[in-house]
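# Chain and residue survey
Spelled out from the first residue to the last, the chains are:
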Amino acid sequence: MIKPERIPAHARGYAGFDGTIGRTAGESTPSWPPPPTPPAGAPNIIVVLVDDMGFADVGPFGSEIATPRLDALAARGYRFANYHTTPVCSPARAAMMTGVNPHRAGFASVANSDPGFPGLSLELGDDVVTIPEALRESGYATFMVGKWHLTRDAQMNDAGRRHSWPVQRGFDRYYGSMEGFNSFFAPNRLIRDNSGVEIDRYPEDYYLTDDLTDEAIGMIRGLRTSDDRPFFLYVAHHAMHGPLAAPPEFLRRQRGRYDAGWDALREERFARQIASGLFPDGTRLPPRNWEAGLDVAAWDSLPASERALMARYMEVYAAMVENIDHNLGRLLDVVADYGELDNTLVVFTSDNGGSAEGGSLGTRSYFSQFVHVAGLPDDWERDVPLDPDLIGGPRSMAHYPRGWGMASNTPFRLYKGNTFAGGVRVPFVLSWPAGLPRHEGDHGLRTQYQYVTDLQPTLLELAGVPRPAHRHGVPVTELDGASFATVLRDAAAASTHPEQYAEWGGDRGYYRDGWKLLTLHETGTPYDDSEWQLFDVRHDPTEIDDVSADHPDLTKELAAAWEEAAWRNTVFPLTDASGAMQRRRPGEAALSAPLTIYPGTPTLERYRSSKLIALRDVDIEIHVDLSPDPAGRPPEGVLVAHGDQGGGYAVYAEAGRLWLAWNEYGLLHELDAGPLPTGERTLVLRLTALPRFRWRVELLDDPERAGVLAELAEVAMLIGMAPWTGIDVGIDRRGPVSWPMHQRHGSFRFTGRLHQVRYLPGGLADYPAARIQAATEAATDLYE
């Protein structure tokens, strides 16, 4: 300790030092504070979270898709047949990361709104602690790759506050996307740690799932070159979220496998589930989903041409599942290289059930699904006539029809977004051979009800790590989850989570000791007790028989329990037809102010870009010198680009001519605007709002002098999530607006002197507020 006689009273900076201090170093004794150290034998932890994967999509849960690496994990570990999550993505991720119910964690819904209510802050607060924060405080290295989606979309841009970004929430390193989904061949934006990854053009063989795995492997190898402490790795795949896409070699293996259709597939998967013990004999497979807007046609009732197209969608989906398993194998092989596989705890699960967002027929144009959104014209196209052989490749933005979503969720009813089991009951595998070996006679199957909030306390208990009581000086809120370590160790142990509320988008649910109360709420209708349905899931796990009329007192009791839990968990207010949930904080109006973008500026983030054009008139001024170079060659390249194969626009010069490329949700219009003007010019791309969510598009050359060079009299507005890729000036990075231009020139950097591009947003289109609200709300619901 410090020798007090040598330290004057006014000295500062020595308190807490455990060595001794003299006047010189030779007279002093050093001391080093010990770093946080994990408990001896603490395991590595890998959590693999897949997006929108249904209960039956992998081998251990009845799938025909080859998943040998996951099968091997399940064979050495544990399958949970009664694990529940939230109906959609951000709430599930918040609940998993914090152990706190999603509304209390600020995520009543996905991170694509900001209505100004406590349960919808859509950013993680200082009073919740995440898994990586707890583990890092105890000495773990913490890594993440993939989908985050726990940051409000208005905070994803380069100027956004980063307090709810991955690195600020406990990860030493991060690589992935902040978005709720992304393109698998040309992601609109990737983040490394706290900064955007600058890339003009992805390699020809690029595939997002492979890239995330490569980065995860690099993080592990980098750690092991210098340190042997355990790591926590969170792999949050964008797969299986649409738009669906798969590497060609994986897609080829699926050709022809789904020609028998979803009815046959569902029955085959169910038979395997019964045979493997996931459900007891006597469990019934429900009829095809019949609810209005969620119904599925009999496969045999469809025309042969439709069946061939729909089978192709499922081939892509299956190829993606197989690719996930392949990459899981690559990752685990690296862990095995270091001799650490047995002492690595691996979790594999999904954020919610399989999706119905592809509609009844599926689509080759993901964003054109707005045709089914309330408030938009009935004549909007919901698909594009793309060659079926291109489905699943970089030119399509496809999603499967909801019949395949139903099969993904076998044997359950309904889909992602619903509180019925199809939306919330998902595959869950956990393996830790060194710490949780399977004992003789233990088949590894667990049928106890457990919930997504249970994962955090379970992992911390198994790692021997305490949950911090404070974060940044703020007391941490109490847990809602409960560790299920006892269930892992003893198949006969009781569930540690006997009751749980559920809510999303007005659909409600309450589970208690084998009884489940559910609603399928129709938006805009009153919330009353008449919509409750009651199921005895001990004997009816597939939720077929509504027994509320037989048990009115229990129905009333559980409805009252839901009401109490809703107030305890910040669930209110519920969504309604008022449009209040689609309000944005007033400060966002600044995102629609005029903006000047200079060449060399990184791609403007997607949401930031959309605020400049969405639902309004806008002039896009291009200030450029189009003079030939000293050799007399006219300049070439992209002047401005916004979007990709899912929709967007680009103005470019090529071979002495000016061009306008307009991608209308996958339908490309290429307009020759005539010979390239020369000298200093101000070109204007003018978008004028028309009735019925349309634009008139004009390309003008110094409009006061020359007038219109090219015109589209009427096109569908790009709204919602389109354009997906943000604005570029002087180049078309990442996903191309025009595929033919991309094939000829790649990102096509402009060779001349481009001064600036100035966006001048006008007023919002004069559409009825109710129609805009309905379209906006449905857009969020549809894609998440």
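Counting restarts for each chain: residues are numbered from 1 in the order of the written sequence. Local features in this predicted model are restricted to residues whose pLDDT is 70 or higher, and side-chain atom pairs enter the listing and the counts only when it is 80 or higher, whereas totals over whole chains, interfaces and linings include all residues. Here the side-chain values reflect all heavy atoms present in the structure, with hydrogen atoms and water set aside.

### Observations concerning the overall build of the protein chain
In plain terms, the rule: To qualify as a helix, a DSSP run of H or I must reach at least 4 residues; to qualify as a strand, a run of E must reach at least 2; elements of each kind are numbered from the N terminus. For the radius of gyration, the atoms used are the C-alpha atoms, and the globule rule reads 2.2 Å times the number of residues raised to 0.38. Three exposure classes are used, based on accessible area relative to the maximum for each residue type with a 1.4 Å probe and protein chains only: buried under 20%, partly exposed in between, and exposed over 50%. Two residues qualify as a contact provided that any one of their heavy atoms is within 4.5 Å of a heavy atom in the partner residue. His is not counted, nor are the chain ends; Lys and Arg add positive charge and Asp and Glu add negative charge. Here the site of a charge means atom NZ of a Lys, CZ of an Arg, CG of an Asp or CD of a Glu.
When helices and strands are counted, the protein chain shows 15 helices and 29 strands. Taken over the C-alpha trace, the protein chain has a radius of gyration of 28 Å; the compact-globule value for 784 residues is 28 Å, and the two agree within 12%. Seen through its C-alpha atoms, the protein chain measures out along the principal axes to roughly 85 × 80 × 50 Å. Expressed as a percentage of the 784 residues in the protein chain, the buried residues total 62%. Restricting to contacts in the protein chain with at least 6 residues of sequence separation, those with at least 24 account for 73%. Averaging the positions of the 74 positive and the 106 negative side-chain charges in the protein chain gives two centres separated by 4 Å.

### Thoughts on empty space enclosed by the protein
The probe, sized like a water molecule, is rolled over the atoms to show the empty space still left. Short version of the rule: Points on a 1 Å grid over protein atoms alone make up a cavity when a 1.4 Å probe fits among them but cannot get out, and a pocket when they form an open set with protein on both sides within 12 Å along at least five of seven lines; lining residues each have an atom within 4 Å of a point. Grid points are joined across faces, edges and corners, and a volume is the space filled by probe spheres set on the points. Here the term charged refers only to Asp, Glu, Lys and Arg, the term nonpolar to Ala, Val, Leu, Ile, Met, Phe, Trp, Tyr, Cys and Pro, and the term polar to all other amino acids, Gly among them.
As enumerated under the stated definition, the model contains six cavities of 30 Å³ or more in all. Estimated volume of the second largest cavity: approximately 100 Å³. Elements represented by at least two residues in the lining of the second largest cavity include exactly strand 15 (499-504), strand 16 (507-512) and strand 17 (515-518). Grouping the constituent residues of the lining of the second largest cavity by class yields eight nonpolar, five polar and one charged.

### Remarks on the sheet that holds strand 1 (residues 44-50)
So the rule is basically this: Between any two strands, pairing holds if DSSP finds at least two bridges. Orientation is described by axes fitted as lines to C-alpha atoms, over the contacting stretch for helices, and by angles from 0 to 180 degrees between their N-to-C directions.
Sheet architecture is open: ten strands sit in the order 7-6-5-4-8-1-9-10-2-11, paired in mixed fashion. Either end of the sheet is taken by a strand with one partner, and the two such strands are strand 7 (195-196) and strand 11 (445-446). Here strand 1 runs beside strand 9 (residues 344-350); their pairing, made up of seven bridges, is parallel. From the neighbouring strand, Val-50 faces strand 9, where its bridge partner is Ser-350. Of the strands in this sheet, strand 1, strand 4 (141-147) and strand 8 (231-236) touch helix 2 (residues 89-98), which is tilted by about 170° from strand 8. Relative to the sheet, helix 4 (residues 208-224) contacts strand 1, strand 4, strand 5 (173-177), strand 6 (191-192) and strand 8, its axis offset from that of strand 4 by approximately 170°.

### Some points on the pattern of salt bridges
What counts, and what does not: Each salt bridge in this description consists of a side-chain nitrogen of Lys or Arg and a carboxyl oxygen of Asp or Glu lying within 4 Å of one another.
One pass over the structure, following the stated rule, counts 56 salt bridges. Across the pair Asp-57 and Arg-269 runs a salt bridge whose closest N-O atoms are separated by 2.9 Å. Remark: Arg-269 occurs in helix 6 (residues 262-275) and Asp-57 occurs in the loop between strand 1 and helix 1 (68-76); sequence separation between them is 212 residues. Overall, Asp-57 belongs to the buried group, its relative accessible area being 0%. Arg-269 sits in the buried class, given a relative accessible area of 0%. Across the pair Asp-383 and Arg-364 runs a salt bridge, and its minimum N-O distance is 2.8 Å. Taken together, the positions of Asp-383 in the loop between strand 9 and helix 8 (402-408) and Arg-364 in the loop between strand 9 and helix 8 put the pair 19 residues apart, joining distant regions of the chain. The buried category is assigned to Asp-383, whose relative accessible area is 17%. On the basis of relative accessibility, which here comes to 13%, the residue Arg-364 falls in the buried class. In this structure, a network of salt bridges that share partners links the residues Asp-51, Arg-93, Lys-147 and Asp-351.

### A look at the pairing of strand 20 (residues 616-625)
For strand 20, the buried fraction is high: eight of the ten residues fall into the buried class. Sheet topology places strand 20 next to strand 29 (residues 753-764); nine bridges connect them, and they run antiparallel. Across the sheet, residue His-623 finds its bridge partner in strand 29, namely Gln-756. Here strand 20 runs beside strand 25 (residues 680-690); their pairing, made up of eight bridges, is antiparallel. Counted as the bridge partner of Asp-619 is Arg-686 from strand 25.

### Details of the packing of helix 1 against helix 7 (residues 304-337)
Inclusion rule: Convention used here: angles under 35 degrees read as roughly parallel, angles over 145 as roughly antiparallel, angles from 65 to 115 as roughly perpendicular, and any remaining angle as oblique.
Where helix 1 contacts helix 7, the axes come no closer than 7 Å and their chain directions differ by 60°. Overall, the two elements helix 1 and helix 7 adopt an arrangement that is oblique. Residues Pro-68, Arg-69, Leu-70 and Leu-73 of helix 1 touch helix 7, and the partners they reach there are Asp-325, Leu-328, Gly-329, Leu-332 and Asp-333. Along the lines of polarity and charge, the residues of the contact of helix 1 with helix 7 split into five nonpolar, one polar and three charged.

### Section: the environment of Tyr-511
Heads up, the rule is: Definition of a polar contact: a pair of N or O atoms within 3.5 Å, with one able to donate and the other able to accept a hydrogen when the atoms are protein atoms, and with sequence-neighbouring residues admitted only if both atoms are side-chain atoms.
Positionally, Tyr-511 belongs in strand 16. The spacing of Tyr-511 and Asp-536 is 25 residues in sequence and 10.0 Å in space, taken between C-alpha atoms. Apart from residues lying up to four places away in sequence, Tyr-511 is in contact with Tyr-449, His-497, Pro-498, Glu-499, Gln-500, Lys-516 and Val-537. Engagement of the side chain of Tyr-511 in a polar contact is seen with the backbone nitrogen of Gly-514, the distance being 3.0 Å.

### Some words on the packing of aromatic side chains
For any two aromatic rings, the description comes down to two numbers: the centre-to-centre distance and the angle of the planes. Where we set the bar: The rule is short: rings of Phe, Tyr and Trp, with Trp giving its six-membered ring, pair when the centres are within 6.5 Å, and they are stacked under 30 degrees, edge-to-face over 60, tilted in between.
Under the criterion given, the structure shown has 34 aromatic pairs. Their ring planes at 50° and their centres at 5.0 Å tell us that Phe-80 and Phe-484 sit as a pair that is tilted. Of this pair, Phe-80 sits in strand 2 (residues 78-80) while Phe-484 sits in the loop between strand 14 (474-475) and helix 11 (485-489), placing them 404 residues apart in sequence. The two residues Phe-80 and Phe-484 agree in class, both being buried. Each ring, one from Phe-181 and one from Tyr-366, has its centre 5.4 Å from the other, and the planes form 85°; the classification is edge-to-face. Placement of the pair is Phe-181 in the loop between strand 5 and strand 6 and Tyr-366 in the loop between strand 9 and helix 8, with a sequence separation of 185 residues. Taking the relative accessible area as the measure of exposure, Tyr-366 reaches 1% and is therefore buried. An aromatic cluster is defined as three or more aromatic residues linked by ring pairs; in this entry it consists of Phe-55, Phe-61, Phe-279 and Phe-412.

### Some remarks on the packing of helix 4 against helix 7
The geometry of helix 4 relative to helix 7 is characterised by a closest axis approach of 10 Å and an angle of 10° between their N-to-C directions. The angle between helix 4 and helix 7 places the two elements in the roughly parallel class. Listed contacts from helix 7 to Thr-209, Asp-210, Thr-213, Asp-214, Ala-216, Ile-217, Ile-220 and Arg-221 of helix 4 are Asn-323, Ile-324, Asn-327, Arg-330, Leu-331, Val-334, Val-335 and Asp-337.

### Points about the sheet that holds strand 16
Sheets are built from strands paired through backbone hydrogen bonds, the pairs being either parallel or antiparallel. Read across the sheet, four strands follow the order 15-16-17-18 without closing on themselves; strand pairing throughout is antiparallel. For this open sheet the edge positions go to strand 15 and strand 18 (533-536), each flanked by a neighbour on one side alone. On average, each strand axis in the sheet is tilted by 15° relative to the strand beside it, whichever way the strands run. Packed on one face of the sheet, helix 12 (residues 552-568) meets strand 15, strand 16, strand 17 and strand 18 and runs near 110° to strand 16.

### What about the side chain of Thr-555?
Here Thr-555 is to be found in helix 12. By relative accessible area, which is 10% here, Thr-555 ends up buried. Beyond its immediate chain neighbours, meaning those up to four positions away, Thr-555 contacts Leu-517, Trp-532, Leu-534 and Ser-548.

### With respect to the nonpolar core
Quick reminder of the rule: We call a set of buried Ala, Val, Leu, Ile, Met, Phe, Trp, Tyr and Cys residues a nonpolar core when their side-chain atoms join them within 4.5 Å.
Phe-232, Tyr-234 and Trp-404 are the most contacted members of the largest nonpolar core, which has 145 residues in total. Core analysis: the second largest hydrophobic core is formed by 53 residues, Leu-595, Val-624, Val-697 and Ile-719 among them.

### A short note on unusual backbone geometry
Note the cis peptide between Ala-239 and Met-240, where omega equals 20°. By secondary structure assignment, the location of Met-240 is in the loop between strand 8 and helix 5 (248-252). In the segment running from Gly-242 into Pro-243, the intervening peptide bond is cis, with an omega of 0°. Position of Pro-243 among the secondary structure elements: in the loop between strand 8 and helix 5. In this structure, Leu-414 is a non-glycine residue whose phi angle is positive, near 65°. Looking at where Leu-414 falls in the secondary structure, it is placed in the loop between helix 8 and helix 9 (421-424).

### Considering the environment of Leu-754
As for its placement among the helices and strands, Leu-754 is situated in strand 29. When the C-alpha atoms of Leu-754 and Leu-626 are compared, they prove to be 8.3 Å apart, with 128 residues separating the residues in sequence. If we ignore the near neighbours within four places in the chain, the residues touching Leu-754 are Pro-599, Ile-622, His-623, Val-624, Leu-639, Val-729 and Gly-730.

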